[in-house]
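Read off the chains here:
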Amino acid sequence: MDSAEVSQPNGAHKDEETTKVEAHVSLTVPKKKDEGMSPARMLPSDVSRQLSEMQIVSWHLLSDIQNKISTIQEEAVLHKSKLGQAYRSSHRLLEIEEERRLIENKHTEDKVVNELEDKALKLVGLMQELEKTIETKQQISIIDAQLKTLKTLARFEVELDGYDSPVQSRTTKEMQHMVKPMLESILFDPESAHPNLILSVDRRQVRFQACPQMREPSKQCFQPGLYVLGMPGFQSGRHYWEVDVGKKSNWIIGVVRESVERKGAWELHSSNGYWVLRKKDDNVFYGIGDTHSNLQLKTLPLRIGVCLDLFRSQLSFYDADTANLIFQLSICLVQEKLFPFFCPGIPVREEDWCPLTLCM
């Protein structure tokens, strides 16, 4: 369920700038003496040509650095906008946290831009020295030293640390319950609902009814499973919704493939297109994907937050009131939509007759 990331150490491969420079370095090596041309005869023209080529490479490197500076500054502006939008909807505690993070990110931005500007200034100075060298046709040994400096300037990798989204940012315990993604507008799909499941007029509540509805049988409805889908379905992006489960003793919440079988009894398993969290009894919870995981929860959640992250191929379930992670599993990306999936459960006590409710 956990995704592993393999990072290559610095220096494991060369970036484009280094490759360009080394390609031109090979041009600066003079022909051997035994190839029919004396050093005195080749030095003036060859040195001028090699230095001109080095000047072109230098201009390319300077342009790349300036582009990286612009990209970093654009990302910083975009990130500030996202931070502001997320925190403006929160209370004073979030406003204080926003100010702190903006200061930290501004410091990181200034530091990175200053480093790149320093490198750009060094490169400009080196180019000026190259121009002087072209005019005076100095020795090749000076060119070799300058080439080494060019290689050093070409090898830089800068990453902006801390530019993750507000949803992914670290939060303190006292503000953890306040930082949430935007809720998706999910509605129950009446065409998929089992005949014994009754939807409210606004399609935000579903409950079990002992007597099935008298209606034309639909190929899209689940039977015999007491299931119903949510709409819309998703094939990309990150999506979050919440379900009020109250004190019901049993229910199922998750996602399924669009092509999941609607008729017949099918095991809840990823191979059949199901990724779900199931409450089977009081304090008996299961996370179901490739395997059935028995979960031990310290508190019984009354609202379940569901986060479908198709960027990372992950499905996460949260206690929506405390923001505590209940269960997380990997999902297999398929060339079809994934739909929210619900089962309000079979009533075994009074609370079980209450509906599942989609939060707004």
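Relevant structure appears above.
Now for a look at the structure at hand.

### Some points on the sheet that holds strand E9 (residues 292-295)
Here 7 strands make up an open sheet; going across it, the order is E1-E4-E13-E6-E7-E8-E9 and the pairing antiparallel. For this open sheet the edge positions go to strand E1 (187-188) and E9, each flanked by a neighbour on one side alone. Relative to strand E8 (residues 284-288), strand E7 (residues 274-281) runs antiparallel, the two being bridged by 5 bridges. Bridging from a neighbouring strand, Leu277 pairs with Gly287 of E8.

### Regarding the pattern of salt bridges
Across all of its chains, the model carries 11 salt bridges by this definition. Note that Lys106 and Asp110 form a salt bridge whose closest N and O atoms lie 2.7 Å from each other. Linking Lys106 with Asp110, this pair stays in helix H3 (residues 92-136), spanning 4 residues, or about one helical turn. Assessed through its relative accessible area of 33%, Lys106 is described here as partly exposed. By relative accessible area, Asp110 is classed as partly exposed at 30%. The structure contains a network of salt bridges with shared partners spanning Lys279, Asp282, Arg349 and Glu351.

### Notes on the pairing of strand E13 (residues 338-343)
Buried residues dominate E13, accounting for 6 of its 6 residues. Relative to E13, strand E4 (residues 228-231) is paired through 2 bridges, and the arrangement is antiparallel. When the bridges of E13 are listed, Leu229 appears paired with Phe341. Across 6 bridges, the pairing between strand E6 (residues 251-257) and E13 is antiparallel.

### Some points on unusual backbone geometry
The peptide bond linking Gln223 to Pro224 adopts the cis configuration, its omega dihedral lying at 15°. Checked against the element boundaries, Pro224 lands in the loop between strand E3 (205-208) and E4. Omega for the bond connecting Met231 with Pro232 falls within 30 degrees of zero, at 5°, which places this linkage in the cis form. Relative to the helices and strands, Pro232 resides in the loop between E4 and strand E5 (238-244). In this structure, Arg203 takes a positive phi of about 60° despite not being glycine.

### Topic: the environment of Asn114
Looking at the secondary structure, you find Asn114 in helix H3. Classification of Asn114 by relative accessible area gives partly exposed; the value is 41%. Placed 45 residues apart in sequence, Asn114 and Ile69 show a C-alpha to C-alpha distance of 9.3 Å.

### A look at the sheet that holds strand E2 (residues 197-199)
Strands sit in the order E2-E3-E14-E5-E10-E11-E12 across an open sheet of 7 strands; the sheet is antiparallel. Here the strands that pair on one side only, and so sit at the sheet edges, are E2 and strand E12 (324-330). With direction set aside, neighbouring strand axes in the sheet form an average angle of 20°. Pairing between E2 and E3: 3 bridges, direction antiparallel. Across the sheet, Ile198 pairs through a bridge with Arg207, a residue of E3.

### A word on the environment of Leu338
Within the secondary structure, Leu338 is located in strand E13. Residue Leu338 is classed as buried on the basis of its relative accessible area of 3%. A C-alpha to C-alpha distance of 9.0 Å links Leu338 and Ser259, two positions 79 residues apart in sequence. Not counting residues up to four positions away in its chain, the partners in contact with Leu338 are Gly233, Phe234, Val256, Arg257, Trp275, Leu308, Leu310 and Ile331.

### Brief notes about the packing of aromatic side chains
Considering all chains together, one arrives at 8 aromatic pairs under this definition. With a centroid separation of 6.0 Å and 50° between ring planes, the pair formed by Phe208 and Trp353 is classed as tilted. With Phe208 in strand E3 and Trp353 in the loop between E13 and strand E14 (356-358), the pair connects residues that are 145 residues apart, well separated along the chain. Taking relative accessible area as the criterion, Phe208 reaches 14% and is therefore assigned buried. Site record: aromatic cluster; members linked through ring pairs are Phe222, Tyr227, Tyr274 and Phe341.

### Some details on the side chain of Asp309
Counting through the fold element by element, Asp309 comes out in strand E10 (residues 303-309). With a relative accessible area of 7%, Asp309 lands in the buried category. Looking at Asp309, its side chain comes within polar contact range of the side chain of Arg238, at 3.2 Å. A distance of 3.0 Å separates a polar atom in the side chain of Asp309 from the backbone nitrogen of Phe311. If we ignore the near neighbours within four places in the chain, the residues touching Asp309 are Gly237, Arg238 and Gln314.

About the criteria used
Numbers given to residues run from 1 along each chain, matching the order in which its sequence is written. pLDDT decides what is reported in this predicted model: residues at 70 or higher carry local features, side-chain atom pairs at 80 or more are listed and counted, and totals for whole chains, interfaces and linings draw on all residues regardless. Side-chain measures were taken over the full set of non-hydrogen atoms in the model, leaving aside hydrogen atoms and water. Being paired, for any two strands, means DSSP has found at least two bridges between them. Each helix is a run of H or I in the DSSP string that is no shorter than four residues. Each strand is a run of E no shorter than two, and both are numbered from the N terminus. For this document, the term salt bridge refers to a Lys or Arg side-chain nitrogen within 4 Å of an Asp or Glu carboxyl oxygen. In this scheme, a residue with accessible area under 20% of its type's maximum is buried, one over 50% is exposed, and one in between is partly exposed, where area comes from a 1.4 Å probe on protein chains only. Every axis corresponds to a line fitted to the C-alpha atoms, with the helix fit spanning only the stretch in contact, and the corresponding angles, defined between N-to-C directions, vary from 0 to 180 degrees. Residue contacts are counted whenever heavy atoms from the two residues lie within 4.5 Å of one another. Stacked, edge-to-face and tilted are the three classes for Phe, Tyr and Trp ring pairs, Trp counted by its six-membered ring, which pair at centre distances within 6.5 Å; planes under 30 degrees apart are stacked, over 60 edge-to-face, the rest tilted. Nitrogen and oxygen atoms within 3.5 Å of one another constitute a polar contact, given that in protein one can donate a hydrogen and the other can accept it, and given that sequence-neighbouring residues count only through two side-chain atoms.

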